[in-house]
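Overview (structure and organization)
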Amino acid sequence: MTDHPAEARPSHARMTEVGVQYAIVPVPGLSLDTVARRSGLHPDLIRRFVALGLVDAGRDASGRLVFAPTAPAALARVQRLRAGLCLNYASIALVLDLLDRISLLEAALRRAGVRSDLPPWT
């Protein structure tokens, strides 16, 4: 695990960005209840994932959690790592960070036109 608190670590969404994207139309955020219904998880578990930094969420004007439309997919990824590899939440955070870094490096290699003789690991 990292020695930085979850708030100080870069979020997964920011780490996977290759460039800056600007929405032409504002993208509405999803409420906690909507994310819980779409992901099939209890809202308290989702709150725990947010506190651990496993999924990103913002707050609206009234202080309620607001999620990006990609949050259910991120939660499914966390659940697959937990169930499939029997990882604890600290390990899941590390694996997510490493997977994000691998994606960034692979994207940089594609942009640079570098090809490997080896097939991709995924």
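Reading the values: rules and limits
- Residues numbered from 1 in each chain as written.
- Predicted model: local features only at pLDDT ≥ 70, side-chain atom pairs only at ≥ 80, totals over all residues.
- Heavy atoms only, no water.
- pLDDT = per-residue confidence, 0-100.
- Contact = heavy atoms within 4.5 Å.
- Buried < 20%, exposed > 50% of the residue type's maximum accessible area, 1.4 Å probe, protein only.
- Helix = DSSP H or I, 4+ residues; strand = E, 2+ residues; numbered from the N terminus.
- Phe/Tyr/Trp six-rings, centres within 6.5 Å; stacked < 30°, edge-to-face > 60°.
- Lys NZ or Arg CZ within 6 Å of the ring centre and 35° of its normal.
- Axes fitted to C-alpha atoms, helices over the stretch in contact; angles between N-to-C directions.
- Parallel < 35°, antiparallel > 145°, perpendicular 65-115°, else oblique.
- Nonpolar A, V, L, I, M, F, W, Y, C, P; charged D, E, K, R; others polar.
- Left-handed = near helix turned anticlockwise from the far one by under 90°.
- Pairing = 2+ DSSP bridges.
- Expected span 1.5 Å × (residues − 1).

**Description of the confidence of the model for the protein**
Across the protein, the average pLDDT comes to 82, with 74% of residues at or above 70. For residues 1-17, every residue scores under 50 in pLDDT, and the model assigns this stretch 28 contacts once sequence neighbours within four places are set aside.

**Quick look at helix 2 (residues 32-39)**
Every buried residue belonging to helix 2 is among Leu32, Thr34, Val35 and Ala36, and all of these are buried. Along its buried surface, helix 2 packs onto strand 1 (30-31), helix 3 (43-52), strand 3 (65-67) and helix 4 (71-85). In the segment just after helix 2, Gly40 is the residue with positive phi, at about 75 degrees.

**A few points about the packing of aromatic side chains**
In the structure shown here, the tally under the stated rule is one aromatic pair. Ring geometry for Phe49 against Tyr89: centres 5.3 Å apart, planes inclined by 70 degrees, an arrangement best described as edge-to-face. In this pair, Phe49 sits in helix 3 while Tyr89 sits in helix 5 (residues 89-112), placing the two residues 40 residues apart along the sequence. One cation-aromatic arrangement involves Arg82 over Tyr89; the distance from NZ or CZ to the ring centre is 4.6 Å.

**Re the packing of helix 2 against helix 3**
Interhelical geometry of helix 2 versus helix 3 gives an angle of 105 degrees and a closest axis separation of 9 Å. Relative to helix 3, the element helix 2 lies roughly perpendicular. Residues Leu32, Val35, Ala36 and Ser39 of helix 2 touch helix 3, and the partners they reach there are Pro43, Ile46 and Arg47. Taken together, the residues of the contact of helix 2 with helix 3 break down into five nonpolar, one polar and one charged.

**Quick notes on the environment of Arg77**
Its place among the elements puts Arg77 in helix 4. Residues Arg77 and Ile92 lie 15 residues apart in sequence; the distance between their C-alpha atoms is 9.6 Å.

**What to know about the packing of helix 4 against helix 5**
Helix 5 packs onto helix 4 with a crossing angle of 120 degrees between their chain directions and a minimal axis gap of 10 Å. Comparing their axes, helix 5 and helix 4 come out oblique. Where helix 4 crosses over helix 5, the two elements pack in a sense that is right-handed. Note on element contacts: helix 5 touches helix 4 through Tyr89, Ile92, Val95, Leu96, Leu99 and Asp100, opposite Arg77, Val78, Leu81 and Arg82.

**Some details on the sheet that holds strand 3**
Ordered in space as 1-3-2, the three strands form an open sheet in which the pairing is antiparallel. The open sheet has two edge strands, strand 1 and strand 2 (58-59), and neither has a second partner.

**Thoughts on helix 4**
An ideal rise of 1.5 Å per residue puts 21 Å on 15 residues; helix 4 measures up with 21 Å between its terminal C-alpha atoms. Taken as a whole, helix 4 has its buried residues at Ala71, Pro72, Leu75, Val78 and Leu81.

**Observations regarding the environment of Gly58**
Topologically, Gly58 is positioned in strand 2. With 10 residues separating them along the chain, Gly58 and Ala68 place their C-alpha atoms 8.5 Å apart. Excluding its chain neighbours within four sequence positions, the residues that come into contact with Gly58 are Arg64, Leu65 and Val66.

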